[in-house]
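Below are the chains, spelled out letter by letter.
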Amino acid sequence: MLTSRRDYILRIIDEVGVLLRRVLQQRASGRPSEGLQSVVAACERLFQLEAPQLFQFTPDQHVAMLAEGEAPDIARDKILLYAALNEEAGRCYRDLGNSALSQQSFLNALRLTLRAGQTCPGLGQPAFAPDPATLLQMLDKASLDADTTALIAAAGLTAHAPPKSSP
C-alpha cells in the first residue's frame, strides 16, 4: 500500500508539472491572466483543496501540509513545485503590472525554495526548482523579514545576490 501511495503522489507531482508547463506557455504567449488561472488549478491539484480553502493558510502552513507524512525527497519536490508555481505567479503579476502581488509571490517562492533545501539537503535540484539567487534579484531590493534573511544566510547566500549565469 505504501508503494501505491508513493505512485499516487508522484502522479500528482507529474500532473502539476504539466500545469506548470502550461503556465509557462500561457505567460510566454502574452496571456498572464490565463497563466494565473492555471497556477490556481495547479495549486488546487497539488494540495487537493479548492482555492478558497487552500488560500486561507499561510505559506509556512502550506509547507507543513506538503511535507506531512511524506518521505523527505517527495516533500522537497512538492515544496519546490509549489515554489515554482509561486515564481510563475510572480512573473504573471509582473506582466500584468501588479508589483505588490508580484513581489509577494517572488518572496514566497524564495522562502519555499530555501525551506525545501532544508527539508532534504544534499540532493540535486529538479529542473523545475527556482534559483534562489534569481529570486533575490527579482525581489528588487525589497525589504526582507528576519526569517527570510535567516533562511538566506543558512543557505550560504547573501541578500540580493546576482543570479547565476544562465545559458
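Residues numbered from 1 in each chain as written. Predicted model: local features only at pLDDT ≥ 70, side-chain atom pairs only at ≥ 80, totals over all residues. Heavy atoms only, no water.

Caption draft 1: Seen up close, the overall build of the protein. Helix and strand counts for the protein come out as 8 helices and 0 strands. When the elements of the protein are put in sequence order from the N terminus, they spell out α-α-α-α-α-α-α-α. On C-alpha atoms alone, the protein measures out to a radius of gyration of 15 Å, which is about the 15 Å that the 2.2 N^0.38 rule sets for 167 residues. Summarising its shape, the C-alpha atoms of the protein cover approximately 50 × 35 × 35 Å along the three principal directions. Scored against the burial criterion, the 167 residues of the protein give a buried share of 43%. Residue pairs at least 24 apart in sequence account for 67% of intrachain contacts in the protein once pairs closer than 6 positions are excluded. Total accessible area on the protein is roughly 8,800 Å²; 54% of this is exposed by carbon and sulfur atoms. (Helix = DSSP H or I, 4+ residues; strand = E, 2+ residues; numbered from the N terminus. Rg over C-alpha atoms; globule rule 2.2 N^0.38 Å. Buried < 20%, exposed > 50% of the residue type's maximum accessible area, 1.4 Å probe, protein only. Contact = heavy atoms within 4.5 Å. Areas by Shrake-Rupley, 256 points an atom, 1.4 Å probe, with all protein chains shown as cover.)

Caption draft 2: Spotlight on the side chain of Gln-26. Structurally, the position occupied by Gln-26 is in helix 1 (residues 2–28). Residue Gln-26 is classed as buried on the basis of its relative accessible area, which comes to 8%. Leaving out residues up to four positions away in the same chain, Gln-26 has contacts with Arg-31, Pro-32, Glu-34, Gly-35 and Ser-38.

Caption draft 3: View of the nonpolar core. With 29 residues, the main nonpolar core has Val-16, Leu-46, Tyr-82 and Leu-85 as its most contacted residues. Elements supplying a minimum of two residues to this core: helix 1, helix 2 (32–47), helix 4 (59–67), helix 5 (72–95) and helix 6 (99–119). Sort the elements by how many residues they give to this core and helix 5 lands first, with 10 residues. The contact partners of Val-16, leaving out residues within four places of it in the chain, are Ala-42, Arg-45, Leu-46, Leu-81 and Leu-85. Counting residues in each nonpolar core, the second largest holds 12 residues, with Leu-114, Leu-136, Leu-139 and Leu-151 among its members. (Core = buried A, V, L, I, M, F, W, Y, C linked by side-chain atoms within 4.5 Å.)

Caption draft 4: Fine view of unusual backbone geometry. The residue Gln-48 is not glycine, and still its phi comes out positive at about 60°. Along the polypeptide, Gln-48 turns up in the loop between helix 2 and helix 3 (51–54).

Caption draft 5: Spotlight on helix 5. Taking 1.5 Å as the rise per residue, helix 5 with 24 residues should run 34 Å; its terminal C-alpha atoms sit 34 Å apart, in good agreement. The element helix 5 is largely enclosed, with a buried count of 19 among its 24 residues. One or two residues past the end of helix 5 sits Gly-97, with phi positive at roughly 85°. (Expected span 1.5 Å × (residues − 1).)

Caption draft 6: View of helix 6. Compared with the 30 Å implied by 1.5 Å per residue over 21 residues, the 30 Å span of helix 6 between its first and last C-alpha is a close match. All buried positions along helix 6 are accounted for by Ser-102, Ser-105, Phe-106, Leu-107, Asn-108, Ala-109, Leu-110, Arg-111, Leu-112, Thr-113, Leu-114 and Ala-116. Elements in contact with the buried residues of helix 6: helix 4, helix 5, helix 7 (132–138) and helix 8 (146–154).

Caption draft 7: Region of the structure containing the state of the cysteines. For the structure shown, the criterion picks out 0 disulfides. Left without a disulfide partner, Cys-43 is nearest to the cysteine sulfur of Cys-92, which lies 12 Å away. With a relative accessible area of 0%, Cys-92 lands in the buried category. (Disulfide = S-S within 2.5 Å.)

Caption draft 8: Region of the structure containing the environment of Ile-12. Along the chain, Ile-12 falls in helix 1. Taking relative accessible area as the criterion, Ile-12 reaches 2% and is therefore assigned buried. For the pair Ile-12 and Ala-75, spaced 63 residues apart in sequence, the C-alpha to C-alpha distance is 12 Å.

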